[in-house]
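Analysis of the macromolecular model
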Amino acid sequence: MDYFFTEEQKMIQELARQIAEEKVVPVRAELDEKEEFPHEIMKVLAQSDMFGIFIPEEYGGLGMGALELCIAVEELSRACLGVSTSYAANALGTYPILLFGTEEQKKKYLPDIASGKRLVAFALTEANAGSDAAGIQTTAKKDGDYYILNGTKQWITNGGEAEIYTVIAMTDPSRGARGASAFIVEKGTPGFSFGKKEKKMGIRASVTRELIFDNCKVPKENILGREGMGFIVAMKTLDQSRVGVGAQGVGVAQGALDEAIRFARQRVQFGKPVISFQAVQHMLADMATLTEAARSLVYSVARYVDSGAKDISKPSAMAKVFATDVAMKVTTDAVQVMGGSGYMREYPVEKMMRDAKILQIYEGTNQIQRNVIGQELIKEAARKG
Ligand code: COS
């Protein structure tokens, strides 16, 4: 399928594909096995200007948008979801600054983010606040020129590796969702430390840690937007980023499909390559059709996000839920097509299947995405009367 990309978009695709094939594929199994953060690959991505794709030119970025970011994320995800998660979480952490930062905050932080000099992480989740994002218990109390943060954030991607954190905390716990605020917190701020590194089923090349705030003094000018806007900052950030999780789904599905086809052409049973059997062909046909459908939806939604449309919650949730459910099915079926070999670590599809599972969980479970879509359908119906 030709999606009629511009020359610039084709350039991003080719560059990301080249990095994925030359730098990621050779080390992905080792990174997974050793649960190692891909420092060298992050350096290559920085040198290739990949961190600046979605950041405006005036802040040192390439001035592109969600579609170009999705193109890069898809290519990296085709090779390794752990690497692409480390890369994409950086965008997730940056959106609060991009969408709600003051001119001063943007000038201070975005150039270092665009150049890849400083990594970013987004911190919303807590032990008692996952799907129920408004249930966060980390507090931020105003004290003169500072906010004093107390609490623990859980399962933060890039935790410890990132230099900049966008953190949601309660400035007025009595007001629920309307009592949350968003802050920029820099690594090294007194009272800010990191907890244990989590051991995960998949995406093991990405780092997941606790963030601990113990009377952490954050300058008052580091608030994003106004007091009470934190929940909106979080929701708008997720609306913006979820299509990128869809792109991760498309990438890993394509990677698994490629492996399954390659294997099925070589594997001989009953005197013939197994790809000549209709049972296998039908599985591959369904895998290819679903992957292409997911890709079409992700690109369309990314273009819609880039149009500046305000009502992106529903399409973003649709792209996320569809493409990541496809990723789970296609990676699982790739293991099935490859049989016993697919289950062995010698081939990459068992890792792809383990990795794909997180896509149905993070940045809002797929059940929450269906809630978001359902709520929007109700609102649209009420508007129509
Ligand atoms: N954009 C703008 N405003 C939004 C919004 C959005 N996408 N979603 C909700 N809001 C607003 C609502 O309009 C409401 O405003 P008012 O108080 O003025 O009425 C407020 O935010 C609270 O919304 P709501 O009542 O719908 O919040 P809930 O607590 O019911 O939670 C869900 C809504 C479940 C959708 C939300 O908590 C969520 O997205 N959870 C998943 C979180 C997640 O993705 N976690 C992953 C961690 S980050 S990797």
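Thresholds applied
Residues numbered from 1 in each chain as written. Predicted model: local features only at pLDDT ≥ 70, side-chain atom pairs only at ≥ 80, totals over all residues. Heavy atoms only, no water. Near = heavy atom within 4 Å. Polar contact = N/O pair within 3.5 Å; in protein donor to acceptor, adjacent residues only side chain to side chain. Areas by Shrake-Rupley, 256 points an atom, 1.4 Å probe, with all protein chains shown as cover. Helix = DSSP H or I, 4+ residues; strand = E, 2+ residues; numbered from the N terminus. Nonpolar A, V, L, I, M, F, W, Y, C, P; charged D, E, K, R; others polar. Domains from an automatic or database assignment. Contact = heavy atoms within 4.5 Å. Buried area = accessible area lost by both parts, 1.4 Å probe. Salt bridge = Lys/Arg side-chain N within 4 Å of Asp/Glu carboxyl O. Core = buried A, V, L, I, M, F, W, Y, C linked by side-chain atoms within 4.5 Å. Buried < 20%, exposed > 50% of the residue type's maximum accessible area, 1.4 Å probe, protein only. Axes fitted to C-alpha atoms, helices over the stretch in contact; angles between N-to-C directions. Parallel < 35°, antiparallel > 145°, perpendicular 65-115°, else oblique. Left-handed = near helix turned anticlockwise from the far one by under 90°.

Our next topic: the site of the ligand. Around the ligand, the structure places 19 residues, and the nearest of them are Ser-131, Arg-178, Asp-239, Arg-242 and Gly-364. Contact between the ligand and Arg-178: an oxygen atom at 2.6 Å from a side-chain N or O atom of the residue. Taking 1,000 Å² as the accessible area of the ligand by itself, protein coverage stands at 63%. A per-element tally of the shell around the ligand places helix α7 (residues 230-266) first, with seven residues. Classifying every residue of the shell around the ligand by side-chain character gives nine nonpolar, five polar and five charged. Residue assignment places the shell around the ligand across two domains, with domain 2 (120-230) and domain 3 (232-384) each supplying three or more.

What follows is about the domain arrangement of the protein. Each assigned domain of the protein is listed here: domain 1 (7-114), domain 2 (120-230) and domain 3 (232-384). Taken over C-alpha atoms, the centre of domain 1 sits 22 Å from the centre of domain 2. Counting from both sides, the interface comprises 25 residues of domain 1 and, opposite them, 25 residues of domain 2. The three residues of domain 1 that bury the most area against domain 2 are Glu-35, Phe-37 and Tyr-109, which together make up 30% of that side's buried surface. Our enumeration of links across domain 1 and domain 2 arrives at two salt bridges.

A few words now on the side chain of Ser-241. Take Ser-241: it is sitting in helix α7. Beyond its immediate sequence surroundings of up to four residues, Ser-241 is in contact with Leu-92, Tyr-95 and Glu-363.

This next bit is on the nonpolar core. As a rule of thumb, soluble globular proteins bury nonpolar side chains together. In terms of nonpolar packing, the biggest core is built from 121 residues, with Leu-45, Tyr-87, Leu-149, Val-185 and Val-298 touching the most fellow members. The element contributing the most residues to this core is α7, with 14 residues. Ignoring anything within four residues of it in the chain, the contact list for Val-185 reads Leu-149, Glu-163, Ile-164, Tyr-165, Val-167, Phe-192, Phe-213, Cys-216 and Val-218.

Take the side chain of Lys-153 next. Here Lys-153 lies in strand β3 (residues 146-157). From its side chain, Lys-153 meets the backbone oxygen of Leu-124 in a polar contact 2.9 Å long.

The next thing to look at is the pattern of salt bridges. One pass over the structure, following the stated rule, counts 25 salt bridges. For Lys-34, the salt bridge goes to Glu-30, with nearest N and O atoms at 2.8 Å. Of this pair, Lys-34 and Glu-30 are both found in helix α2 (residues 28-34), four residues apart, which corresponds to roughly one turn of the helix. You can call Glu-30 partly exposed: its relative accessible area is 43%.

Between helix α5 (residues 81-100) and helix α6 (residues 103-114), the shortest axis-to-axis distance is 10 Å and the interhelical angle comes to 155°. The angle between α5 and α6 places the two elements in the roughly antiparallel class. Seen from above, α5 lies across α6 with left-handed handedness. Contact with α5, carried on its side by Asn-90, Thr-94, Ile-97, Leu-98 and Phe-100, involves Gln-105, Lys-106, Tyr-109, Leu-110 and Ile-113 of α6 and no other residues of that element.

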